[in-house]
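# Remarks on the overall topology
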Amino acid sequence: MMKKEAILVNCSRGPVIDEVALVNHLRDNPMFRVGLDVFEEEPFMKPGLADMKNAIVVPHIASASKWTREGMATLAALNVVGRIKGYPIWSDPNRVDPFLNENASPPNASPSIVNSKALGLPVSKL
């Protein structure tokens, strides 16, 4: 249970939060604050959420930093180059651990900024 004066921030996945329950909680607890970058059923918000004075909602811009966007562009370019060179596409976006294991070589698959050098692809400057 969160404190009545807590601040909740969600910039992960919209369905993590039940927006109907959130609107009711915000109404009943004016000291509670929320910041949302994602919504339960994007791009739509549940009725009442946009009208709440103790809620800040933004249009899915948490990844809008220069560093993140450059990384996304680099990764997209490496995916294209990797595929042209014949490497398979990494098909399980929820399984990134093989790319993060410092004790083993990363998989010979696209995408990965981590393994681009090992695959002979351009190396990211990020």
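Below, the structure is looked at part by part. (Residues numbered from 1 in each chain as written. Predicted model: local features only at pLDDT ≥ 70, side-chain atom pairs only at ≥ 80, totals over all residues. Heavy atoms only, no water.)

Right, let's talk about the nonpolar core for a bit. Soluble globular proteins tend to bury their nonpolar side chains together. Formed by Ala6, Ile17, Leu22, Val23, Leu26, Phe32, Val34, Leu36, Phe39, Leu49, Met52 and Ala55, the largest nonpolar core amounts to twelve residues. Residue assignment for this core shows that the elements contributing at least two residues are α1 (19-28) and β2 (33-36). Ranked by the residues each element gives to this core, the list is headed by α1, at three residues. Excluding residues that lie within four positions of it along the chain, Phe39 makes contacts with Gly14, Pro15, Glu19, Phe44, Met45, Leu49, Val57 and Val58. (Core = buried A, V, L, I, M, F, W, Y, C linked by side-chain atoms within 4.5 Å. Buried < 20%, exposed > 50% of the residue type's maximum accessible area, 1.4 Å probe, protein only. Helix = DSSP H or I, 4+ residues; strand = E, 2+ residues; numbered from the N terminus. Contact = heavy atoms within 4.5 Å.)

Another aspect to go through is the sheet that holds strand β3 (residues 55-57). What the three strands build is an open sheet, ordered β1-β2-β3; its pairing is parallel. Each end of this open sheet is capped by a strand with a single partner; those strands are β1 (7-10) and β3. Strand-to-strand twist in this sheet, taken as the mean axis angle between neighbours without regard to direction, amounts to 10°. Where β2 and β3 come together, three bridges link them in parallel fashion. Of the residues in β3, the one forming a bridge with Val34 is Ala55. (Pairing = 2+ DSSP bridges. Axes fitted to C-alpha atoms, helices over the stretch in contact; angles between N-to-C directions.)

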